[in-house]
Amino acid sequence: MDQKTIHKLLDNIAERNMPDSVDILPGLQSQLDKPIRTPASPLRYPSKAAAILVACLLFVATTVYAIVQLQIQDPALDESMVTQINLSQTIDDITVTVDWAYADANRIVIAYSMSDEDNPLDAAIPTNQLWDSEGHRFLSVPVGYHLDQPLPEMLRGNLHYDASIVKGEPESLDLRLRLRGDFSFEFSVPFIPGVRIEQQPVVEHAGLGVNIEWAVITPSMTRVFICYDTPNDDTWVPSLRVKFDGHPIGLEPGAHILGMKTNNEDANGRPCREHFFLDTYDQLPDQVTFLVRHLQTATYYSEESMQRAAEVLAGHGIESEVVRNGHLPPVSYILSFTLPPTIDYVEFDRIWDEALLAAGEPLSGESIEGPWEITVDLP
């Protein structure tokens with residue numbers, strides 16, 4: 001990737017760092033090549049991967065990694081999980097093919113391809129609509145992208161729909177897909193039910209309460225709806241981690257996506273947010289832990305702060321460059337850097353926490369350290 005493209009990506013990300021008008025994580029996120037999954041382990045968890053880290057944006061509740069890669073694929077699906085469809089239609093020399101599909105209680109994923117006289121077309125996702133045999137229409141799954149934000153790179157090329165409207169536990173879904181207005185396909189796909197966690201008791205820390213309103217776990221996604229107290233009327237966002245039997249999931253860049261802000265509040269008027277974790281497992285875990293590391297508002301750092309952070313990273317062999325965070329006020333800075341080929345996500349988290357500690361106080365933004373921890377035994 002040339003420098004011009006990299007700087008363009010940085011600008012696109014940085015320009016979204018506007019807390020008054022943008023309330024979710026930047027949409028430009030990319031997915032690493034699928035992690036190696038150890039057959040002997042009962043769960044599938046990401047371990048190590050090589051990548052080029054284009055930008056590290058300090059935004060709202062967490063550090064955002066924008067990753068560039070050669071292949072685009074879903075981090076929570078593999079060939080053994082999907083159903084081959086292989087239906088094609090040709091209209092005016094354009095051929096559209098529905099390649100495969102997957103459905104569970106959280107989402108429906110459909111892969112498609114387009115070609116013009118046998119030449120692949122690299123086009124944006126076309127207009128699309130999806131219904132079931134009973135006429136229910138599925139909406140695009142709300143995994144953190146607004147109309148004004150592009151799909152995360154890791155999810156491009158596939159269609160993603162919210163499956164929460166499916167009632168009961170049908171063995172399969174009979175679906176009808178329309179693409180580009182003219183192309184229509186009908187096919188069936190097996191349906192995988194989810195495990196639902198109901199409302200959990202409030203956990204108190206630092207004078208603030210946090211609780212899980214509900215969560216739904218499926219082999220391709222864990223959706224969590226969390227409510228929490230805030231110290232004032234500013235926009236606060238929880239930094240949430242989910243662990244299966246003690247192992248963090250959704251650590252790959254882009255695999256944990258913060259749902260957009262809604263008007264949802266609980267009975268006590270506390271703000272609530274939805275989180276999406278794209279990850280998979282070989283067998284359902286025995287325990288699920290929800291860990292809120294901190295609550296945080298939008299945060300901006302000075303050039304000097306980022307220089308101190310860069311020095312810490314350099315001490316761990318991670319080269320970085322301090323760059324201006326976009327062209328809009330407030331004037332702040334972020335880091336652009338390259339990760340070592342074998343860096344572990346958990347280890348990088350530790351190093352990054354150390355770097356932020358060295359960075360010192362931000363120009364603006366507040367953070368309340370946790371932890372708030374909730375552990376649930378699954379049936």
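Scoring rules and cut-offs
Residues numbered from 1 in each chain as written. Predicted model: local features only at pLDDT ≥ 70, side-chain atom pairs only at ≥ 80, totals over all residues. Heavy atoms only, no water. Helix = DSSP H or I, 4+ residues; strand = E, 2+ residues; numbered from the N terminus. Contact = heavy atoms within 4.5 Å. Areas by Shrake-Rupley, 256 points an atom, 1.4 Å probe, with all protein chains shown as cover. Disulfide = S-S within 2.5 Å. Buried < 20%, exposed > 50% of the residue type's maximum accessible area, 1.4 Å probe, protein only. Expected span 1.5 Å × (residues − 1). Arc of directions from axis to C-beta. Polar contact = N/O pair within 3.5 Å; in protein donor to acceptor, adjacent residues only side chain to side chain. Patch = residues over 30% accessible without salt bridge, like charges linked within 9 Å, V, L, I, M, F, W, Y side chains within 5 Å. Salt bridge = Lys/Arg side-chain N within 4 Å of Asp/Glu carboxyl O. Lys, Arg positive; Asp, Glu negative; His and termini not counted. Charge placed at Lys NZ, Arg CZ, Asp CG, Glu CD.

Enquirer: It is not clear to me how the overall build of the protein should be interpreted in this structure. Could you clarify?
Expert: Assigned secondary structure in the protein consists of three helices and 23 strands. In the protein, the share of contacts with a sequence separation of at least 24, taken over all contacts with a separation of at least 6, comes to 68%. When the accessible area of the protein is evaluated, it comes to approximately 17,600 Å², of which 49% is carbon and sulfur surface.

Enquirer: Help me understand the state of the cysteines, please; the structure alone is not making it clear to me.
Expert: Here is the idea: a disulfide is a covalent bond, and it sits between the sulfur atoms of two cysteines. Using the criterion set out here, one finds one disulfide in the structure. A sulfur-sulfur separation of 1.9 Å characterises the disulfide bridge that pairs Cys227 with Cys272. As the torsion about the S-S bond is roughly 105 degrees, the Cys227-Cys272 disulfide counts as right-handed. Taken together, the positions of Cys227 in strand E15 (residues 222–228) and Cys272 in strand E19 (residues 272–277) put the pair 45 residues apart, joining distant regions of the chain. Among the residues examined, Cys227 registers a relative accessible area of 0% and is labelled buried. According to the relative accessible area criterion, Cys272 is buried, its value standing at 4%.

Enquirer: Hey, could you run me through helix H2 (residues 303–315) in this one?
Expert: Helix length check: H2, at 13 residues, gives a terminal C-alpha distance of 19 Å against a target of 18 Å (1.5 Å per residue), a fit within 8%. Buried within H2 are the following residues: Ser305, Met306, Ala309, Ala310, Val312 and Leu313. End-on, the buried residues of H2 take up no more than an arc of 160 degrees, which puts them together on one face. Turned more than 90 degrees away from the buried face of H2 sit Glu311, Ala314 and Gly315, all of them exposed. One or two positions beyond H2, positive phi appears at Gly317, with a value near 80 degrees.

Enquirer: Please clarify how the side chain of Glu274 should be interpreted in this entry.
Expert: If you trace the backbone, Glu274 turns up in strand E19. Within the structure, Glu274 has its side chain in polar contact with the side chain of Arg223 (distance 2.9 Å).

Enquirer: Is there a simple way to explain a negative patch on the surface in this structure?
Expert: On the surface, Asp92, Asp93, Asp116, Glu117 and Asp182 cluster together into a negatively charged patch. As for its position among the elements, Glu117 is in the loop between strand E5 (107–116) and strand E6 (119–120).

Enquirer: I'm lost on helix H3 (residues 345–359) in this one. Help?
Expert: For an α-helix, 3.6 residues make a turn, and residues three or four places apart therefore share a direction. Here H3 spans 21 Å end to end across 15 residues, near enough to the 21 Å set by a 1.5 Å rise per residue. Those residues of H3 that fall on the buried side of the exposure criterion are Tyr345, Phe348, Asp349, Ile351, Trp352, Ala355 and Ala359.

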